[in-house]
Amino acid sequence: MPRERPREERHREERPRARPRAEREQHEPEREQHEREPERERRPRRPALVARDAARSAARHVRGLTGRAPEGVTSLERTEDGWTIGIEVVETHRIPDSTDILAEYRVELDDRGELVSYRRTERYYRGRAENRT
């Protein structure tokens, strides 16, 4: 059976006392102090939404607001506060398809993909789309 040590001996065997924080920071190089900073303070601010996700989000918003399926993305522009996206929608299906009436919606999103504004900017026949300005 192991011999029990007196209390004073056990106390001395404990790990060495840590130096006060101020003293540790004085002796550490700046690089190590920089490594301790939270990552969010070191990293440059990135947009929360990439172009592909912004376009998908805009298409979902247009579908939800108009009830019509988007045909495609006609424009995509990064702005200071988010994104401006052009979404093309078939407003009226006709036979032949070249006489369908299409519309372009301009959608503004913030950096998180939340809708800021949307509006229909133009309407045109599918067969005459090349005449648009």
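The name an unreviewed UniProt entry assigns to the chain is Gas vesicle protein, from the organism Streptomyces rhizosphaericus.

Draft legend 1. Focus on the confidence of the model for the chain. When pLDDT is averaged along the chain, the result is 78; 61% of the residues meet or exceed 70. Within the chain, the lowest mean pLDDT, 53, falls on helix H4 (residues 39-42), and the highest, 96, falls on strand S3 (residues 101-110).

Draft legend 2. Structural detail: the environment of Arg-94. Locating Arg-94 in the fold gives a position in the loop between strand S2 (82-92) and S3. Every residue in contact with Arg-94, bar those within four places of it in the chain, is listed here: Thr-99, Asp-100, Ile-101 and Tyr-125.

Draft legend 3. Structural context of the packing of aromatic side chains. Tallying each qualifying case throughout the model produces 1 aromatic pair. Here the aromatic rings of Tyr-105 and Tyr-118 are separated by 5.7 Å at their centres, their planes lie at 20°, and the arrangement is stacked. Here Tyr-105 is found in strand S3, whereas its partner Tyr-118 is found in strand S4 (residues 115-125), with 13 residues between them in sequence.

Draft legend 4. Structural view of the side chain of Thr-66. Position of Thr-66 relative to the elements: it lies in helix H5 (residues 51-66). Only 2.7 Å separates the side chain of Thr-66 from the backbone oxygen of Val-62, close enough to count as a polar contact. Separated by 3.1 Å, the side chain of Thr-66 and the backbone nitrogen of Arg-68 make a polar contact. Sequence-distant contacts of Thr-66, defined by excluding residues within four places in its chain, comprise Tyr-105 and Tyr-118.

Conventions we followed
- Residues numbered from 1 in each chain as written.
- Predicted model: local features only at pLDDT ≥ 70, side-chain atom pairs only at ≥ 80, totals over all residues.
- Heavy atoms only, no water.
- pLDDT = per-residue confidence, 0-100.
- Helix = DSSP H or I, 4+ residues; strand = E, 2+ residues; numbered from the N terminus.
- Contact = heavy atoms within 4.5 Å.
- Phe/Tyr/Trp six-rings, centres within 6.5 Å; stacked < 30°, edge-to-face > 60°.
- Polar contact = N/O pair within 3.5 Å; in protein donor to acceptor, adjacent residues only side chain to side chain.

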